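Chain and residue survey
Below are the chains, spelled out letter by letter.
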Amino acid sequence: MEYARKPDPVDVVIVGMGASGGTAAKVLCEAGLNVVGLERGPWLRSREHFSGDEIKFLNRTYLWSDPRVNPRTVRTEENETAVPTPFSMVPQMVGGGTVHWAGWLPRPRPSDFMMRTLHGDIEGASLADWPITYDDLEPYLSKVEWAFGCAGLDGADKYEPYRSTPYPTPPLPPTRAGKRFYEACEKLGINAMPIPQALVSQAYRGRTPSNWTSFWNGYGDPSGMRSSTLDTFVPEALATGNLDLRSECYVREVTVGPDGRARGVVYIDALGREIEQDATLVLLCLGAVESARLMLMSKSRQFPDGLANSSGQVGRNATFHEYLFAVGLFNDEQPLYGFPGNYISGGSFQFYETDYDRGHIGGALIGASHVGQPVNWNFPGRPAWGSAGKDADRDFYNHAMKIGHTLHDLPVASNRVDLDPDVKDAWGLPAARITHKAHSNDIALAKWQVDKNVEILEAAGAWKTIPVYLERGRASGNTCHQHGTVRMGTDPANTVLNEWCQAHDVDNLYVLDGASFPTATGVNPTLTIMANAWRCADYIAQVHGKGRRERLPRARSGPQQVAAS
Amino acid sequence: MTSMADWPIVLAPVDPDAADRLFFTDHEWDTIEAATTRIIPTDHDPGAREARAVRFIDRFLSGIDYVYAAADGSGFLRMSGKLADAWRGRIADMQETYRRGVRDLDAIAGQSFGPDFVSLSDDQQDFVLERISGAPKPVPVVRDADGANPTIQVYAFDDGLSFFDALVAHTRQGFYGDPVYGGNRGRVGWDVIGFPGPDSLKDTMDGTYSVREYYLDDYAWPDLIPHLRQAGGQ
């Protein structure tokens, strides 16, 4: 191992420069702190590197994390040997998951923060309230929507919680498939609305929306229309002069000093050199799988079971939002067109809250989406070859639509991320091992929502509907959504972080990605992750960074407040 | 090594008229071409043969020179570092999968009909493909079908694919992928299913290519969302 000269210590080192790391970098650099941002992946240039190449982006995984470099293993039961499987392979690059994403930007709902208060203890689940409420997060949801760029339609969502600001830009025009969704929803009395999306539909903060290619979900956007931290918060942080961004630098350990506090990190740079970067504060922003993995790899005399893991909870209560859906095939003359659109179309929050008549708790944001480009458009059971396969493409590519949801899966203590004992990554470090078994509530919730999707497709005139349930009993990892693993809460005995996402055990260590989520919420998590990272970064800059300490009142979402509301 | 952001652009887009072989032997080329022709057959529309899917697969298997086109389609990216190592391993495994696959096609052909896969009739070739896939030839989509539906992934990795699954996936990519990779000659795949693809990858970067006309033009949100009508419109 070759060693490089040790760089000067800094105020803050951020590990991972994606959604949460980019947000924290912007807030902390603008507050005047010196920040080193370490990103294990590349720092690509949108205008130069992105285009509508389906093979490159969807089939040869130019952005997705390569499973030969960063393998993961998966199993359902504790006693099984986990099998190498590409599972939730979020792009590892500057900008992270905000580079390739479609940009779903829905807000969470007040109920998401108080699942245990609302539902009590559910057998087999580890339901918990968040130590913060929707009201604590609301100002930051607005900050992200306005600073990052967002499109949405004010007043369209009948079930929308309090918003302190309107949407900064209006929604994109609907597609024909989107129109069909709205019409079907009206027929069924369902309140449909354009799903808030991380893009700008009008000239906004120096950005001009100009990507009408529909090469969208999974592709990088060369135009700057999509909101990504690569094109917004990271350049804003750099503009302060306070960010030293080092890409292709892979952190393998958070180091701990004799006082039990974090001293900094050790990383391997692109040339294979090992470098130690000391910092006053260490922020983990790698995503819930990789943040937990790094903490478990960071063993020390003080923390033999992994950094800040005196509770034994690091890695546990992982949730993954499996995407479940129904595809409708149509045989009418009028094409719906499979390709146009920015993936997301209309959706509804009408079935989001618990209705005990359904026999399960929780609900879902449902959303219609376009089917995509020719190589990878698909429906389950599509004939794979021969004239039947060719006919299926010819008959249905422009006559199909999809409605789905990301599953609000319940936290389960044994669903977790730990270190695989056998499989190593390209640097010889242990792979993340996922153990996941769906809770019975997950299966029931998915069934009800997918059946509702089928009902809407039938009302839209589908000739055939194809539902995809959670029958296999575990998540396949088909979304990039990762939460839990490093829970925030008030009790150091059963949570890892406090309400500022500061480790109970290590006061200069923060985890700002989705790992802190006590429960998964039923919405796409990035807006919540970014708003929470901004909230915690504000605390770091304004309170912790000034040598002070504050705590939120306990039981923020306790029963008293429910009764009073 | 060179940072991924600075991988140089080398070579040129695959010439739509190129007939040279970079990986396959003549026999392998002919066998895979015949197999792709059964995967996406020619009927009143062009199929995999006209799209030159076999050339697409040949370029893909030739090493790591044709993995990633440059964003603007002017050539290909010369990879380096751990990603290049990963792709070398992946392509080496896939080369072996195809070499063995061709031998298996010929072996089954020889047992049942002889002398090799290329010389069989369409129906006989389908029989061999059924044997190698382990399932009957797919039947047309029918309205009522049952059985559990497996999920679909938004990303697709080639690792671990059987020869038959790789052949199906790559034939599809060679039929519908951007022509820069050597398949979809003359954009025939796009024409078959009615996809108005771009003239060049560069056109997708600078605003030249647009499908804006396929979005709705004449719409008002209150017409689509009754709640807004009740609320007094927008």
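What counts and how
Residues numbered from 1 in each chain as written. Chains lettered and ligands numbered in written order. Predicted model: local features only at pLDDT ≥ 70, side-chain atom pairs only at ≥ 80, totals over all residues. Helix = DSSP H or I, 4+ residues; strand = E, 2+ residues; numbered from the N terminus. Buried ≥ 20, exposed ≤ 12 C-beta atoms within 10 Å, placed from the backbone. Contact = placed C-beta atoms within 7 Å. Rg over C-alpha atoms; globule rule 2.2 N^0.38 Å. Core = buried A, V, L, I, M, F, W, Y, C linked by C-beta atoms within 7 Å. Pairing = 2+ DSSP bridges. Axes fitted to C-alpha atoms, helices over the stretch in contact; angles between N-to-C directions. Parallel < 35°, antiparallel > 145°, perpendicular 65-115°, else oblique. Left-handed = near helix turned anticlockwise from the far one by under 90°. Nonpolar A, V, L, I, M, F, W, Y, C, P; charged D, E, K, R; others polar. pLDDT = per-residue confidence, 0-100. Expected span 1.5 Å × (residues − 1).

Overview of the overall build of chain B
In terms of regular secondary structure, chain B is built from 9 helices and 2 strands. Written out in order from the N terminus, the α and β elements of chain B read β-α-α-α-β-α-α-α-α-α-α. A burial count over chain B gives 38% of its 234 residues as buried. Counting contacts in chain B only where the partners sit at least 6 residues apart, residues at least 24 apart contribute 62% of the total.

Regarding the overall build of chain A
Assigned secondary structure in chain A consists of 13 helices and 20 strands. Taking 2.2 N^0.38 as the reference for a compact globule, 565 residues should give roughly 24 Å; the C-alpha atoms of chain A span a radius of gyration of 23 Å, in line with that estimate. Expressed along its principal axes, the backbone C-alpha trace of chain A runs to roughly 70 × 55 × 50 Å. Counting every position in chain A, which comprises 565 residues, the buried fraction comes to 64%. By sequence separation, contacts in chain A at least 24 residues apart represent 75% of the contacts at least 6 residues apart.

Digging into the environment of Gly363 of chain A
Residues and elements named next belong to chain A. Tracing the chain through its elements places Gly363 in the loop between β13 (344-348) and β14 (366-369). On the neighbour-count criterion, Gly363 (23 C-beta atoms within 10 Å) is buried. A sequence separation of 103 residues divides Gly363 from Gly260, and the C-alpha atoms of the two residues are 42 Å apart. When near neighbours in sequence (up to four residues on either side) are disregarded, Gly363 contacts Phe351, Tyr352, Glu353, Thr354 and Gly522.

Some points on the nonpolar core
The nonpolar side chains of a soluble globular protein tend to be buried, and buried together. Residues and elements named next belong to chain A. By size, the foremost hydrophobic cluster in this structure holds 238 residues, and its most contacted members are Ile14, Val15, Ala25, Leu28 and Leu283. In terms of residues, this core owes the most to one element, helix α12 (residues 526-542), which gives 11 residues. Those residues in contact with Ile14 that lie beyond four places of it in its chain are Gly21, Ala24, Ala25, Val35, Gly37, Leu38, Leu283 and Cys285.

Focus: the sheet that holds strand β16 (residues 416-424) of chain A
Residue and element names in this part refer to chain A. Strand order across the open sheet formed by 4 strands is β5-β4-β17-β16, with mixed pairing between neighbours. Edge positions in the open sheet fall to β5 (83-84) and β16, since each of these has one partner strand only. The pairing of strand β4 (residues 72-75) with β5 spans 2 bridges and is classified as antiparallel. Paired with Thr73 across the bridge in β5 is Pro84.

Some points on the packing of helix α3 (residues 53-61) of chain B against helix α6 (residues 163-176) of chain B
Residue and element names in this part refer to chain B. Packing of α3 against α6 leaves a shortest axis separation of 8 Å and a crossing angle of 110 degrees. Taken as axis vectors, α3 and α6 run roughly perpendicular relative to one another. Of the two possible hands of crossing, α3 and α6 adopt the one that is right-handed. Across the interface between the two elements, Ala53, Phe56, Ile57 and Phe60 of α3 pack against His170, Thr171, Gln173, Gly174 and Phe175 of α6. Residues of the contact of α3 with α6, tallied by class, amount to 5 nonpolar, 4 polar and no charged.

Observations regarding the confidence of the model for chain A
Across chain A, the average pLDDT comes to 95, with 98% of residues at or above 70. Here residues 557-565 of chain A is a poorly scored stretch, pLDDT under 50, and it has 9 contacts once near neighbours within four places are set aside; other chains count.

Considerations on the interface of chain A and chain B
Tallying the contact residues gives 82 residues for chain A and 71 residues for chain B. Only α2 (46-49), α3 (54-59), α7 (176-188), α10 (386-396) and β18 (464-468) of chain A provide two or more residues apiece to the side of chain A that touches chain B. Considering every element that reaches the side of chain A that touches chain B, the biggest residue donor is α10 of chain A, with 9 residues. The residue inventory of the side of chain A that touches chain B, partitioned by class, reads 41 nonpolar, 22 polar and 19 charged.

So, α3 of chain B
All names here are of chain B. Most of α3 is tucked away, with 9 of its 9 residues classed as buried. Among all positions in α3, only Ala53, Val54, Arg55, Phe56, Ile57, Asp58, Arg59, Phe60 and Leu61 are buried. Of the residues flanking the end of α3, it is Gly63, one or two places downstream, whose phi is positive at about 140 degrees.

A look at the sheet that holds β14 of chain A
All names here are of chain A. Pairing within the open sheet is antiparallel, and its 6 strands lie in the order β6-β13-β14-β15-β12-β18. Of all strands in the sheet, those bounded by a partner on one side alone are β6 (193-194) and β18. Strands in contact with α7 are β13, β14 and β15 (400-406); relative to β13, the strand with the most contacts, it is inclined by about 10 degrees.

What about the packing of helix α4 (residues 81-112) of chain B against α6 of chain B?
Residue and element names in this part refer to chain B. The N-to-C vectors of α4 and α6 enclose an angle of 105 degrees; their axes lie 9 Å apart at closest approach. With respect to their mutual orientation, α4 and α6 come out roughly perpendicular. Where α4 approaches α6, its residues Met94, Thr97, Tyr98, Arg100, Gly101 and Asp104 are matched on the opposing element by Phe163, Ala166 and Leu167. Grouping the amino acids of the contact of α4 with α6 by side-chain chemistry returns 5 nonpolar, 2 polar and 2 charged.

A closer look at the confidence of the model for chain B
With 94% of its residues at a pLDDT of at least 70, chain B reaches an overall mean of 94. Across the predicted assembly, pTM comes out at 0.97 and ipTM at 0.96.

Focus: the pairing of strand β12 (residues 323-329) of chain A
Residues and elements named next belong to chain A. With 7 of 7 residues buried, β12 lies mostly within the body of the structure. Of the two faces of β12, the one lined by Tyr323, Phe325, Val327 and Leu329 and the one lined by Leu324, Ala326 and Gly328 are each fully buried. Where β12 and β15 come together, 7 bridges link them in antiparallel fashion. Bridging across to β15, Ala326 finds its partner in Ile403. When β12 meets β18, the two strands line up antiparallel, connected through 5 bridges. Each residue of the ladder has a partner; that of Ala326, found in β18, is Pro467.

A few points about α12 of chain A
With 17 residues, α12 of chain A extends 24 Å from end C-alpha to end C-alpha; this agrees with the ideal 24 Å at 1.5 Å per step. Most of α12 of chain A sits out of view: 15 of its 17 residues are buried.

What about unusual backbone geometry?
Here the bond from Gly114 of chain B into Pro115 of chain B is cis, since omega is -20 degrees, no more than 30 degrees from zero. For Pro115 of chain B, the position within the fold is in the loop between α4 and α5 (122-133). The residue Ala308 of chain A is not glycine, and still its phi comes out positive at about 60 degrees. Here Ala308 of chain A is to be found in the loop between α9 (288-297) and β11 (316-319). Judged by the 29 C-beta atoms lying within 10 Å of it, Ala308 of chain A is buried. The residue Thr521 of chain A is not glycine, and still its phi comes out positive at about 60 degrees. By secondary structure assignment, the location of Thr521 of chain A is in the loop between β20 (509-511) and α12. What makes Thr521 of chain A buried here is the crowd of 27 C-beta atoms within 10 Å.

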